[in-house]
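Here are the chains, one letter per residue:
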Amino acid sequence: MAIQYGDGTTSNTGRIIRVERAVYDTTTSMSISTTWNDVPGLSVTITPESTSSKFIISGEVNGEHSDATVNWNSAATIGYTVGGTTTWIEPASAGSRIRGMTIPKLSYYNNDNTSTPEGFGFASYWFSPGTTSAVTFRFGMQCYGSGRTFYINRTGSDTNTAEYERFRSWISVMEVAG
């Protein structure tokens, strides 16, 4: 017997099948360089119901770069892993430019990179992997140069006063029936 939905149809096309999320409250740091670097603690694995399933991915990575000049020379993107192979979603190559889906949102800059938080926001990116194998979605960051640090969920200095904030980072993935 088919399920009849409130709109009178029996098709689940366009309906949300499931929602998975990961919330990361830990304060830590990660190295970033000119290649994609996984953001720790922010991944979600879903086995699609169908090859026509669509996914809506959203989330935020919050914290602060160790070097104030990296703000303008960094990017973040969404990666997905199927069968052990990770692919990063990015625009076509254009020389040696940094590529990604988003740039950091900067709250304030006055040559002070120890209490000027920033973050990367991902708002409702639609993606269809075209598989029924498990897919792991994750966020990645890269920057111009190497040996850089991004402090996750905290400011660079992390002094215990009001000027040095703490954050929460998260990823949410919704599967939509295709």
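Just so it is clear, the structure is predicted and the values come from calculations on it, not from any experiment.

S.K.: In this structure, what is going on with the sheet that holds strand β3 (residues 37-46)? I would like to understand it.
M.R.: Within a sheet, each strand pairs with its neighbour through backbone hydrogen bonds, oriented either parallel or antiparallel. Spatially, the 4 strands line up as an open sheet ordered β3-β9-β5-β6, and their pairing is antiparallel. The open sheet has two edge strands, β3 and β6 (85-88), and neither has a second partner. Ignoring strand direction, the axes of neighbouring strands in this sheet form an average angle of 25 degrees. Note: strand β5 (residues 74-82) against β6, 4 bridges, orientation antiparallel. Along β6, the bridge assignment pairs threonine 81 with threonine 86.

S.K.: I would appreciate a short explanation of the environment of tyrosine 125 in the present structure.
M.R.: By the secondary structure assignment, tyrosine 125 is in strand β8 (residues 118-127). Relative accessible area serves as the criterion here: at 29%, tyrosine 125 is assigned to the partly exposed category. Sequence spacing of tyrosine 125 and glycine 59 is 66 residues, and the spatial spacing of their C-alpha atoms is 9.8 Å.

S.K.: In this structure, what is going on with the side chain of asparagine 62? I would like to understand it.
M.R.: Mapped onto the elements of the fold, asparagine 62 is located in strand β4 (residues 54-65). Of the polar contacts made by the side chain of asparagine 62, one reaches the side chain of glutamate 60; its length is 3.2 Å. Not counting chain neighbours up to four residues away, the residues in contact with asparagine 62 comprise Lys105, Glu118, Gly119, Phe150, Tyr151, Ile152, Asn153, Phe167, Arg168 and Ser169.

What counts, and where the lines are drawn
Residues numbered from 1 in each chain as written. Predicted model: local features only at pLDDT ≥ 70, side-chain atom pairs only at ≥ 80, totals over all residues. Heavy atoms only, no water. Pairing = 2+ DSSP bridges. Helix = DSSP H or I, 4+ residues; strand = E, 2+ residues; numbered from the N terminus. Axes fitted to C-alpha atoms, helices over the stretch in contact; angles between N-to-C directions. Buried < 20%, exposed > 50% of the residue type's maximum accessible area, 1.4 Å probe, protein only. Polar contact = N/O pair within 3.5 Å; in protein donor to acceptor, adjacent residues only side chain to side chain. Contact = heavy atoms within 4.5 Å.

Everything listed is a geometric property; what it means functionally is a separate question.
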